[in-house]
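Structural overview for review
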Amino acid sequence: CKTGYISWYDFTKEIFRQASALGHEEYLPQNTRVIPVTTAEYGASRAKRPFNSRLNKDKLEQCGFTPLPDWQNALGRYLGEIDWENL
């Protein structure tokens, strides 16, 4: 079963959503503004990157490894562990 993918925009919105749910009011929607941009709008980067690159974890599961947690779960664990005072 494929799990899909997200954009950097969606990832950023989820970071702010989870951070505000942890009580960091500076990340509430009324205090932040996340604007999606296309690659062309962002501008050229010196680093060459593929147009669309995704991590496929199907082989891990086919070989009997425990499925990885979803990215929202991993993000939540990370946000719960970081030192917010020294960001």
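Up top is the structure.
An account of the accompanying structure is given in this report. (Residues numbered from 1 in each chain as written. Predicted model: local features only at pLDDT ≥ 70, side-chain atom pairs only at ≥ 80, totals over all residues. Heavy atoms only, no water.)

**Structural notes on the overall build of the protein chain**
Inclusion rule: Here a helix means four or more residues in a row that DSSP labels H or I, a strand means two or more in a row labelled E, and each is numbered from the N terminus. C-alpha atoms define the radius of gyration in this analysis, and the globule rule sets the expected value at 2.2 Å times the number of residues to the power 0.38. Only protein chains enter the accessibility calculation, which uses a 1.4 Å probe. A residue is then buried if its area is under 20% of the maximum for its type, exposed if over 50%, and partly exposed in between.
A tally of regular secondary structure across the protein chain gives four helices and zero strands. Reading the protein chain from its N end, one meets helices and strands in the order α-α-α-α. Its C-alpha atoms give the protein chain a radius of gyration of 16 Å, more than 25% over the compact-globule value 12 Å for 87 residues. Projected onto its principal axes, the C-alpha coordinates of the protein chain cover approximately 45 × 35 × 25 Å. Per-residue burial for the protein chain yields a buried fraction of 11% across its 87 residues.

**A closer look at the packing of helix α1 (residues 8-21) against helix α4 (residues 71-81)**
A pair of packed helices is characterised by two quantities: the angle between their axes and the separation of those axes. Rule in force here: Interaxial angles span 0 to 180 degrees and are taken between N-to-C directions of axes, which are lines fitted to C-alpha atoms, for helices over the stretch in contact. If an angle is under 35 degrees, it is roughly parallel; if it is over 145, roughly antiparallel; if it lies from 65 to 115, roughly perpendicular; otherwise it is oblique. Each crossing gets its hand from how the near helix is turned against the far one by less than a right angle, where anticlockwise is left-handed and clockwise is right-handed. The contact definition used throughout considers only heavy atoms, calling two residues in contact when any of these lie within 4.5 Å.
In the contact formed by α1 and α4, the axes pass within 10 Å of each other and the chain directions differ by 50°. Taken as axis vectors, α1 and α4 run oblique relative to one another. The handedness of the crossing between α1 and α4 is right-handed. For the pair formed by α1 and α4, the contact residues are Phe11, Glu14, Ile15, Gln18 and Ala19 on the first element and Trp71, Gln72, Leu75, Gly76 and Leu79 on the second.

**Some thoughts on the nonpolar core**
Generally speaking, soluble globular proteins have nonpolar side chains that are buried together. We count it as follows: We call a set of buried Ala, Val, Leu, Ile, Met, Phe, Trp, Tyr and Cys residues a nonpolar core when their side-chain atoms join them within 4.5 Å.
Membership of the largest hydrophobic core is limited to five residues, which are Ala19, Leu75, Leu79, Ile82 and Trp84. Setting aside anything within four residues of it in sequence, one finds Trp84 in contact with Ala19, Leu22, His24, Tyr27 and Leu79.

**Let's talk about the environment of Ala47**
In this structure, Ala47 sits in the loop between α2 (39-42) and α3 (58-62). Each C-alpha atom of the pair Ala47 and Glu26 lies 32 Å from the other, and the pair is 21 residues apart in sequence.

**Regarding the packing of aromatic side chains**
To keep it simple, the criterion reads: Here the aromatic set is Phe, Tyr and Trp, taking the six-membered ring for Trp, and pairing holds for ring centres within 6.5 Å; pairs whose planes are under 30 degrees apart are stacked, those over 60 apart are edge-to-face, and all others are tilted.
All chains considered together, the criterion is met by four aromatic pairs. Taking 5.9 Å as the distance between ring centres and 65° as the angle between the ring planes, the aromatic pair formed by Trp8 and Phe11 counts as edge-to-face. Here Phe11 and Trp8 lie together in helix α1, a separation of three residues that amounts to about one turn. Overall, Trp8 belongs to the exposed group, its relative accessible area being 71%. An angle of 45° between the planes, with centres 5.2 Å apart, marks the rings of Phe16 and Tyr27 as tilted. Residue Phe16 is located in helix α1, and its partner Tyr27 is located in the loop between α1 and α2; the two are separated by 11 residues in the primary sequence. Assessed through its relative accessible area of 22%, Tyr27 is described here as partly exposed. Connected via pairs of aromatic rings, a cluster forms that spans Trp8, Phe11 and Trp71.

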